[in-house]
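The primary structure of each chain is shown beneath.
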Amino acid sequence: MVDYPRILNSGDSAISVEFGNKIDIDINLKVYALKSLLESDNSFKFLSLIPSYCSLLIEYDIVLYSHSQIKEYINNKINILNPYKPKKNQNQVIKIPVVYGKDFGPDIDYVSSYTKLTISDLISIHTSKEYYVYMIGFSPGFPYLGGMDKRIFCPRLETPRIKIHEGSVGIAGQQTGIYPSESPGGWQIIGRTPLKLFNLNQNPPALILPGSYVKFYPISEEEYFEKL
Amino acid sequence: MKNIIKVLKAGPMLLLQDSGRRGFEEYGVSISGAADTEAYNVSNRLVFNNENDTVLEIFYGDVSLKFYGDNVIAISGGDLGAEINSIKCPLNMSFFVPDGSVLKFHYPLNGVRSYLAISGGIETKKILGSRSMHVTSGIAGHKVKSGDILPIGLNNKFKSGFTIKNYKRDLDFGINNIGVVLGQQVDKFSSEMIERFFKDKYILSDKSDRQGLRLNGNKIFTINNDHDIISDPVIHGSIQIPGSGYPIILMPDTQTTGGYPKIGNIGKIYLDVLAQLKAGDEIIFFPISPKKSREEYIIRRSLIYQSKIFRDIKLDDYMVNGKDIMIGMNDNIIFTENHAFLFNLL
């Protein structure tokens, strides 16, 4: 058994604090609690704070601080952590149109055979839930969504693709998500949305923020090109 | 009038880079920044720029740049056979570039990435606080294109002919020894697998870019053969082990989170070595503690920032050109009181 939280090495100038090892809102809220605590504390100047489902990565200036110094400081902080309260207006449901299958979702046949579901059952299960947004990561504006139905769990590709189309909707293990821009990636792609998830002219630049909810709905190929 | 550079030929991958874009990681925005930070820092220091000024990162060459206005520049990192007005350029030394000059980077002679700092820095529009181009998302541009105009900033200290005392960059690669700090998901790997990771050489695959270096060599697997983890944060230097078993080293354009287990991270000074490798180059990993890795970094950094910056002039009696101008020569470089000029030996 592993005791949480625990501190992991992330090289010579970063550590990760891991609060658990499952997709769980309470664990996720601890990650944001530590992040907001460190942001409001000026005793150390951190280069980067990167939140995820269960971990916060803390990158610091390698010249100014040693690994053990940061470890000790963070250990003390973890012990006085209060639960994080999400900001208001974050509990909205963002509706995302998706065209499923064909060239838009090249892995839908594989996911269908792996899950032993028909494609239409797969789509209706995928669109039935409101997914909690645990984090944004992997690429600009990419939301990691929780709460996917067990029946459509499916492992990642063994070898990641070099190129995945902007707006692709995918499944990886217990997770579902959307690629906001063209990038390499290892998710099973089942569909595509015409919505722009990331906009540099907005602040924050991401359309979907941690703490909000996302719901997918199916559209036709024609509707996809109309909304593009 | 402001100095500018006109890009006559952009080659396969010409990028603007600075020290990176930080503060937007929680929105999934990559940090980016120069892949070879040492070469980036050296080039900026030689032209008296600020530490985080914007430079050109030239990958593989095939680049042609025309300078408008008198400029001072310095090139560091890989040797891409740079020539100005057909005269070979020195590396790791600042020199004067007269109005109308054409600078060409041909092809890799040593390393693959050259850094070109111009006195005053490149002053395009900052996006989310940085000018670093993120190739895949196109934040601040996917890359520099032929025909682009790059505005140059002003610098109060407009002097050239400087080198860093005792600075030497060894890019004559055999097998590269690369330090690894074990971490993040190392407990998912058996000691036999970790031993295998450090035992034999890996070869850089041609499917490598600023997002990640893919390696061929010993396959590494987790204890339960499960290579899906709950996605957690990754940074430049994280070593992912996907289901194929072949390690991927994440580079500056890396995503902010990833779903493959990470055996560890590259020690900071070795990131610069990796930035200069090409497909087929060989590396061998060795374990290093965070403490030792930090010490190595601090030593290397002090060589760049604490060493004297000076003009390596061998005084000569070739020419005397008035009493107010000191003239010396060193190879094909003429030094005056404030500048170094390149010329062709006849």
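Residues numbered from 1 in each chain as written. Chains lettered and ligands numbered in written order. Predicted model: local features only at pLDDT ≥ 70, side-chain atom pairs only at ≥ 80, totals over all residues. Heavy atoms only, no water.

1. With respect to the overall build of chain A
And step 1. When its secondary structure is counted, chain A shows 5 helices and 13 strands.
And step 2. Counting the 228 residues in chain A, one finds 58% classified as buried.
And step 3. Summarising the internal contacts of chain A: among those between residues at least 6 apart in sequence, 64% fall at separations of at least 24.
And step 4. Taken as a whole, chain A presents about 10,400 Å² of accessible surface, with 49% of it coming from carbon and sulfur. (Helix = DSSP H or I, 4+ residues; strand = E, 2+ residues; numbered from the N terminus. Buried < 20%, exposed > 50% of the residue type's maximum accessible area, 1.4 Å probe, protein only. Contact = heavy atoms within 4.5 Å. Areas by Shrake-Rupley, 256 points an atom, 1.4 Å probe, with all protein chains shown as cover.)

2. A word on the sheet that holds strand E4 (residues 55-60) of chain A
Residue and element names in this part refer to chain A.
And step 1. Taken in spatial order, the 4 strands make up an open sheet running E1-E2-E4-E3, and their pairing is antiparallel. Two strands in the sheet have a free side with no partner beyond their single neighbour: strand E1 (6-9) and strand E3 (46-51). Geometrically, the sheet is characterised by an average inter-axis angle of 20° between neighbouring strands, direction not taken into account.
And step 2. Bridging between E3 and E4 involves 5 bridges; their strand directions are antiparallel. (Pairing = 2+ DSSP bridges. Axes fitted to C-alpha atoms, helices over the stretch in contact; angles between N-to-C directions.)

3. Observations regarding the domain arrangement of chain B
All names here are of chain B.
And step 1. Each domain of chain B was delimited in the assignment, giving domain 1 (4-171 + 313-342) and domain 2 (176-299).
And step 2. Inter-centroid distance (C-alpha atoms) of domain 1 to domain 2 is 30 Å.
And step 3. Of the residues lining the interface, 28 residues belong to domain 1; the matching set on domain 2 comes to 15 residues.
And step 4. Interface of domain 1 and domain 2: buried area, both sides summed, is about 1,500 Å²; carbon and sulfur atoms make up 45% of it.
And step 5. Looking only at domain 1, the three residues that lose the most surface to domain 2 are Ala35, Val112 and Arg113, adding up to 30% of its buried area.
And step 6. The tally of links from domain 1 across to domain 2 stands at 1 salt bridge. (Domains from an automatic or database assignment. Buried area = accessible area lost by both parts, 1.4 Å probe. Salt bridge = Lys/Arg side-chain N within 4 Å of Asp/Glu carboxyl O.)

4. Details of the layout of surface pockets
And step 1. Considering only enclosed or pocket space, the second largest pocket measures out at about 790 Å³ in volume.
And step 2. Every residue lining the second largest pocket is counted, 43 residues in all, and those nearest its centre are Pro184 of chain A together with Ser208, Asp209, Gln211 and Gly212 of chain B.
And step 3. In terms of residue class, the lining of the second largest pocket is built from 19 nonpolar, 13 polar and 11 charged. (1 Å grid on protein atoms, 1.4 Å probe; cavity = no way out; pocket = protein on both sides within 12 Å on 5 of 7 lines; lining within 4 Å. Points joined across faces, edges and corners; volume = space filled by probe spheres on them. Nonpolar A, V, L, I, M, F, W, Y, C, P; charged D, E, K, R; others polar.)

5. So, the pattern of salt bridges
And step 1. One pass over the structure, following the stated rule, counts 26 salt bridges over all chains.
And step 2. In this structure, Asp187 of chain B engages Arg6 of chain A in a salt bridge whose closest nitrogen and oxygen atoms are separated by 3.0 Å. Here Asp187 of chain B is found in the loop between strand E13 (176-182) and helix H2 (191-199), whereas its partner Arg6 of chain A is found in strand E1 on a different chain.
And step 3. What makes Asp187 of chain B partly exposed here is its relative accessible area of 44%.
And step 4. Through salt bridges with shared partners, a single ionic network connects Glu57, Arg113, Arg210 and Asp253 of chain B.

6. A short note on the nonpolar core
Residue and element names in this part refer to chain B.
And step 1. Judged by nonpolar contacts, the single largest core of 46 residues is most densely connected at Phe197, Ile249, Ile266, Ile283 and Phe285.
And step 2. When residues of this core are assigned to their parent elements, the largest contribution, 5 residues, is made by helix H3 (residues 268-275).
And step 3. Here this core spans two domains, and each of domain 1 (4-171 + 313-342) and domain 2 (176-299) adds at least three residues to it.
And step 4. Contacts of Ile266, omitting those with residues within four sequence positions, involve Ile178, Gly179, Val180, Gly237, Ile239, Ile249, Leu271, Leu274 and Phe285. (Core = buried A, V, L, I, M, F, W, Y, C linked by side-chain atoms within 4.5 Å.)

7. Looking at the packing of aromatic side chains
Describing an aromatic ring pair means giving the distance of the ring centres and the angle of the ring planes.
And step 1. All told, the structure shown has 27 aromatic pairs over all chains when counted by the stated rule.
And step 2. Both rings, one in Phe142 of chain A and one in Tyr144 of chain A, keep their centres 5.0 Å apart while their planes meet at 50°; by these two values the pair is tilted. Tyr144 of chain A shares its class with Phe142 of chain A; the two are buried.
And step 3. Judged by its relative accessible area of 0%, Phe142 of chain A is buried.
And step 4. Pairwise contacts between aromatic rings join Tyr53, Tyr132, Tyr134, Phe142, Tyr144, Tyr179, Trp187 and Tyr213 of chain A into one cluster.
And step 5. If you follow Arg311 of chain B out to its NZ or CZ, it ends over the ring of Phe162 of chain B, 5.6 Å from the centre. (Phe/Tyr/Trp six-rings, centres within 6.5 Å; stacked < 30°, edge-to-face > 60°. Lys NZ or Arg CZ within 6 Å of the ring centre and 35° of its normal.)

8. A look at helix H2 (residues 67-78) of chain A
Residue and element names in this part refer to chain A.
And step 1. Between the first and last C-alpha of H2 there are 16 Å, a value that for 12 residues agrees with the 16 Å anticipated at 1.5 Å per step.
And step 2. Taken residue by residue, H2 has His67, Ile70, Tyr73, Ile74, Lys77 and Ile78 as its buried positions. Along the axis of H2, the buried positions cluster into a sector of 135°, meaning they face one direction only. The exposed set on the far side of H2, more than 90 degrees from its buried face, consists of Ser68 and Glu72. (Expected span 1.5 Å × (residues − 1). Arc of directions from axis to C-beta.)

9. Looking at the interface of chain A and chain B
And step 1. With 58 residues of chain A at the contact, the number on the chain B side is 45 residues.
And step 2. The interface formed by chain A and chain B includes 4 salt bridges.
And step 3. Along the contact surface separating chain A from chain B lie 18 residue pairs in polar contact (both at pLDDT 80 or more).
And step 4. Sort the elements by how many residues they give to the side of chain A that touches chain B and E3 of chain A lands first, with 5 residues.
And step 5. For the side of chain A that touches chain B, a count of residues per class yields 30 nonpolar, 19 polar and 9 charged. (Polar contact = N/O pair within 3.5 Å; in protein donor to acceptor, adjacent residues only side chain to side chain.)

10. Some details on helix H1 (residues 25-39) of chain A
Residue and element names in this part refer to chain A.
And step 1. A rise of 1.5 Å per residue sets the reference length of H1, with its 15 residues, at 21 Å; its end C-alpha atoms lie 21 Å apart and thus fit the reference within 8%.
And step 2. Turning to H1, the residues buried within the fold contact strand E2 (14-18), E3, E4, H2 and strand E6 (131-136).
And step 3. Of the residues that open H1, the one with a side-chain oxygen 2.9 Å from the backbone nitrogen of Asp26 is Asp24.

11. Points about the packing of helix H1 (residues 37-46) of chain B against helix H4 (residues 290-305) of chain B
If you want to describe how two helices pack, look at the angle between their axes and the distance between the axes.
Residues and elements named next belong to chain B.
And step 1. Packing of H1 against H4 leaves a shortest axis separation of 10 Å and a crossing angle of 20°. Put simply, H1 runs roughly parallel to H4. When the axes of H1 and H4 are compared, the crossing they make is right-handed. Facing Glu38, Asn41, Val42 and Arg45 of H1, the residues of H4 in contact are Arg300, Ile304 and Tyr305.
And step 2. For the contact of H1 with H4, the residue count by class is 3 nonpolar, 1 polar and 3 charged. (Parallel < 35°, antiparallel > 145°, perpendicular 65-115°, else oblique. Left-handed = near helix turned anticlockwise from the far one by under 90°.)

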